Amino acid sequence: MKLIYERSQPGRRASSIPRPEGLPKAEVPEELRRAEPPRLPEVPEFELVRHFTELSTRNFGVDTGFYPLGSCTMKYNPRINERLVGLPGFAFLHPLQEEEGAQGALELEWRLQEILTEVTGLDAVSLQPAAGSQGEITGLMLVRAYFAERGELEQRRKVVVPDTAHGTNPASVTMTGFELTPVKTDARGNIDVEDLRGKVDEHTAALMLTNPSTLGLFDENIEEIEKIFHGAGALMYYDGANLNAVCGISRPGDMGFDIVHINLHKTFSQPHGGGGPGGGPIAVRKMLEPFLPVPAVIHKKDGTFGLDYDRPKTIGKVRGFTGPFGVFVRSYAYMRMYGPGLREMSETAVLNANYVLARLKGTYDLLFDRLCMHEFVLSARNLKRDHDATALDVAKRLMDYGFHPPTIYFPLIVPEALMIEPTETETKETLDAFCDAMLAIAREAAEDVSILKEAPHDRPVRRLDEVRAAKNPVVKYAFDDATVPAKT
Amino acid sequence: MTHPFLALTDSDREEMLRTIGVSSVDELFRDLPAGVRFDRALDLEPALSEQELSAHLAELAARNFDTTRELSFLGAGIYDHYVPAVVDTVLQRGEFLTAYTPYQPEMSQGVLQSIFEYQTAICELTGMDVSNASGYDGETVTADACYVAKHATGKTKVVITEATNPQVRQVVKTYAPGFGLEVVEVPHHGGTTDPDEVRSAAEGAAAVIFQQPNFFGCLEPAPDLAAAANDAEALSVAHVDPLSLGVLEAPGRYGCAIALGEGQAAGNLMSYGGPHYGFLAARTEFIRRMPGRIVGETVDTEGKRGYVLTLQTREQHIRREKATSNITTNQTLLALGGLVYLTWLGPQGLREVGEVCLGLAELAKQRLQERGFELVFDRPTFKEFAIRVGRNAREVVRDARALGVHPGYALGRDYAGMDDVLLVAVTEKRTPAEIDRLAEVLAEVAA
């Protein structure tokens, strides 16, 4: 289809702007004035709406169908939350409004903090980080501040990260000036405790762990791991990407973790928006609270709510204001509709995942044959070995059956990985239809692998040439530059 | 009773447990050591119905003084610009709202093409060659640019002007120790920055960051600041207001290496500070050092045009500890709001909004001067300006609010010696009559 710039004609417009009479002329020095206008699209409003509506039909969301993208927790996003976030008292509230004029917003933030401390089993929360990866960076900044105060920052340079971790973990380690110490996974899918023992000492600052891991497995040695790290004087960081498995069942604070980030867009249903926004609040143990970002949202003795900037040991600020407030409204609303029933949410997520796993594990390889938590990782290596059908081929063929593919080729330690997370917001009929499709694809691979190789067959585009895109990057529209037009 | 967000019936559950080969849901958690199991119910208030929830949140919202119930001239980085209905229309499409990062391009051409169109719009606005798919906000993209600059130059100092938004500076300073960067600030003189001072501070620096218009609303000698940075072989980084770029020159046209900023003014509601989007664009030479997602054009197996995430070897999921950034979830939906808004405006609309802001702000300056208020800085401005109010500006804000007008931001919160200074923002949503009301109320409370 056309780009919006290809629908554009000079002289058309969608906007009408107020033109107050008799405004004085403002002086802008000629050398600061724009010489040539930007080539923004020139379209009437109805063309704009048609264009973006057509684009939306070329996209697939949770509202369209089953979206078992592992590690992303693609659950249903209740529509009431969209209405609530649009209330004028929230949507048109300026973040620098005086505290007296923002009591409702501050109370909502404070209440959300309270819920998160209970769910994580920790003592204090900062809502400021904008996403999980920023929660990680913030957490590691707290680790720096904590050891700097104890005079141990020069000594403690190492952060331990398992080989199953999300790429954000090692990237965050480097961006906060630490050194990465990778640790292996054992035959049951837990951290290899023997490997770990040799790597944790007085130079270790922290562990970053996702539990359940990206394999969808709860680490059975978590108590032992806790002893190793705290015994060495190091801190423990919990990557909350997989919190949807354990709400009300097991709390990171009770597992021994000192810092946790929570992905509000995963567990607590902030819509993923095609790639964002997210929310990555962090919860910490009491001893780390003085280092949290400013401002802190507080409940004052007089019963009102306020912002506290007077935190002499704070790491500073990782984002503007108190964080992505609209995300807080949606996640708070979501949690209030569950209350203590959050446990049932997690139980259902785990039940759904185990059911799908049970139906598929005879057909696809499973490296760690255990009960899973909210997700699991299959391997298509048997299909590749026997029929030359890869995880990518399976993923593309799933599109023909009307499903979004799982996460593929991650975690890196599983060859031909298919990482499947059904979430709790699905009917058994949908789960069965997905399983039927996965089993049918395995049969197709044996009968005629070209059906997989040529998939997808009925999406707006066939498989795309990613090598070409990276080799000769075209990252914006060429306008009237003399290029050969591609077929549309 | 089944929760409305769940679906399994008792018979579903029994059949599923049987297929799994366990006798109860509890048994699914047998790998959890007893010592880490949570042995009580979560201590949370009981579940609410949708109707009760609506009433509860309506009550909270009603205790906020938003700009529909209080006349406001508050800006300081977040602005009360008009957001047209088409933005809501597009953003509420479930296919956009409830999708995730377009890892599978055949399922995600809608998001991918719209990001490609967004990147084009940002490049056009800023005069740059390459834009990423968005960052968290105007603060964090500035920290991102510091990381780019450090690796592009191998130097360990960044220079930032004191007239740059204090929150931006604070975020840069928070990230700097982990990046291994030292931050040096250059003071302002009479509301703008001296290029010669920037030139000497920029010696040995990875980047020079300045804001245009700056935090005081004043127009910096931006081309001279960029030249001063370039002379010292530091990356010149302009933090710009997207809505000013119909009137003010694009950073790419005066030699900047990177242009970035807070996107909120262009298409996002204020929403008490987020979610919004940060934009970051650069010259071609930095394309492989860019943080975050980038969408590129390609063809499918039949030669048909399509879009994919590209240059992913920069990113954390491939490069891990050597990535150019750790960002994964960004602000795509808000950036889409920005694209829809900029499309709605078109080049003419963008210029008109800018001119109306300029004119209304000029009118506000006149009206306030007529009432005896003094402008703090004798410099051209865009939509925001600083005035002296004769006494503590925070008290003036409080008293003016009692009369139904939020008159602006008290600059003493961030700058020493400015306790009596108020930063007044005027967007196209304000009217001449409202400006008269501002002047009237300020005259009353400042006296």
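Residues numbered from 1 in each chain as written. Chains lettered and ligands numbered in written order. Predicted model: local features only at pLDDT ≥ 70, side-chain atom pairs only at ≥ 80, totals over all residues.

## Regarding the overall build of chain A
Point 1. Helices and strands together make up the secondary structure of chain A, namely 16 helices and 12 strands.
Point 2. For chain A, the C-alpha radius of gyration of 25 Å lies close to 23 Å, the compact-globule estimate for 488 residues.
Point 3. Counting only C-alpha atoms, chain A reaches 75 × 70 × 45 Å along its principal axes.
Point 4. Looking at chain A residue by residue over its 488 residues, the buried ones come to 60%.
Point 5. Relative to all contacts within chain A whose residues are 6 or more apart in sequence, the contacts with residues 24 or more apart total 72%. (Helix = DSSP H or I, 4+ residues; strand = E, 2+ residues; numbered from the N terminus. Rg over C-alpha atoms; globule rule 2.2 N^0.38 Å. Buried ≥ 20, exposed ≤ 12 C-beta atoms within 10 Å, placed from the backbone. Contact = placed C-beta atoms within 7 Å.)

## Notes on the overall build of chain B
Point 1. Counting secondary structure elements, chain B contains 13 helices and 15 strands.
Point 2. For the C-alpha atoms alone, the extent of chain B along its principal axes is close to 80 × 50 × 50 Å.
Point 3. Out of the 447 residues belonging to chain B, those deemed buried represent 64%.
Point 4. Contacts in chain B between residues far apart in sequence, at least 24 positions, make up 73% of those at least 6 positions apart.

## Notes on the domain arrangement of chain B
Residues and elements named next belong to chain B.
Point 1. Domain annotation for chain B reports domain 1 (71-83 + 347-446) and domain 2 (85-340).
Point 2. Distance from the C-alpha centre of domain 1 to the C-alpha centre of domain 2: 28 Å.
Point 3. Listed per partner, the contact involves 25 residues of domain 1 and 25 residues of domain 2.
Point 4. When contributions to the side of domain 1 that touches domain 2 are tallied by element, the ones reaching two or more residues are helix H11 (332-370) and strand S12 (384-388). (Domains from an automatic or database assignment.)

## Overview of the interface of chain B and chain A
Point 1. At the junction of the two partners, chain B supplies 176 residues and chain A supplies 175 residues.
Point 2. The greatest single-element share of the side of chain B that touches chain A, amounting to 25 residues, is contributed by H11(B).
Point 3. Residue composition of the side of chain B that touches chain A, grouped by class: 87 nonpolar, 54 polar and 35 charged. (Nonpolar A, V, L, I, M, F, W, Y, C, P; charged D, E, K, R; others polar.)

## Overview of the sheet that holds strand S5 (residues 235-240) of chain A
Strand pairing in a sheet relies on backbone hydrogen bonds, with the paired strands running either antiparallel or parallel.
Residues and elements named next belong to chain A.
Point 1. Spatial strand order, S1-S7-S6-S5-S4-S2-S3: seven strands in an open sheet with mixed pairing. Each having just a single partner strand, strand S1 (124-126) and strand S3 (179-183) make up the two edges of the open sheet. Each adjacent strand pair in this sheet contributes to an overall mean axis angle of 25 degrees, direction not counted.
Point 2. Bridge analysis of strand S4 (residues 204-209) against S5 gives four bridges, and the strand direction is parallel. Looking at the pairing, Leu 209 lines up with Tyr 238 of S5.
Point 3. Sheet strands in contact with helix H4 (residues 103-120) are S1, strand S6 (259-262) and strand S7 (282-284), and its direction is about 125 degrees off that of S1. (Pairing = 2+ DSSP bridges. Axes fitted to C-alpha atoms, helices over the stretch in contact; angles between N-to-C directions.)

## Quick word on the domain arrangement of chain A
Residues and elements named next belong to chain A.
Point 1. Each assigned domain of chain A is listed here: domain 1 (83-336) and domain 2 (344-459).
Point 2. Residue-level contacts link 18 residues of domain 1 with 16 residues of domain 2.
Point 3. When its residues are assigned to classes, the side of domain 1 that touches domain 2 shows eight nonpolar, eight polar and two charged.

## A few points about the confidence of the model for chain B
Point 1. Summarising the model, chain B shows a mean pLDDT of 97, and 100% of its residues fall at 70 or more.
Point 2. Predicted complex metrics record ipTM = 0.98 and pTM = 0.98. (pLDDT = per-residue confidence, 0-100.)

## Considering the sheet that holds strand S8 (residues 278-282) of chain B
Residue and element names in this part refer to chain B.
Point 1. In space, the seven strands of this open sheet follow the order S2-S8-S7-S6-S5-S3-S4, with mixed pairing throughout. The open sheet has two edge strands with one neighbour each: strand S2 (130-131) and strand S4 (182-186).
Point 2. Contacting strand S3 (157-161), S4 and strand S6 (235-240), helix H7 (residues 166-179) crosses the sheet at an angle of about 155 degrees to S4.
Point 3. Along the sheet face, helix H9 (residues 222-231) touches strand S5 (207-212) and S6 and points at about 150 degrees away from the line of S6.

## Looking at the pairing of S5(A)
All names here are of chain A.
Point 1. The element S5 is largely enclosed, with a buried count of six among its six residues.
Point 2. Of the two faces of S5, the one holding Leu 235, Tyr 237 and Asp 239 and the one holding Met 236, Tyr 238 and Gly 240 are both buried throughout.
Point 3. For S5 and S6, the ladder comprises four bridges, and the chain directions are parallel. The residue of S6 that forms the bridge with Tyr 238 is Val 260.

## Focus: the environment of Val356(A)
Residue and element names in this part refer to chain A.
Point 1. In this fold, Val 356 is placed in helix H11 (residues 342-360).
Point 2. Residue class for Val 356 comes out buried when judged on the 27 C-beta atoms lying within 10 Å of it.
Point 3. Residues Val 356 and Asn 77, 279 residues apart in the sequence, show an inter-C-alpha distance of 22 Å.

## Some words on the nonpolar core
Point 1. If you look at the biggest cluster of nonpolar residues, it comprises 310 residues, and the most contacted ones within it are Leu418(A), Cys146(B), Val158(B), Val159(B), Ala207(B), Val208(B) and Val237(B).
Point 2. Setting aside residues no more than four positions away along its own chain, Leu418(A) makes contact with Tyr364(A), Val377(A), Leu378(A), Ala380(A), Ala391(A), Val394(A), Pro406(A) and Ile408(A). (Core = buried A, V, L, I, M, F, W, Y, C linked by C-beta atoms within 7 Å.)

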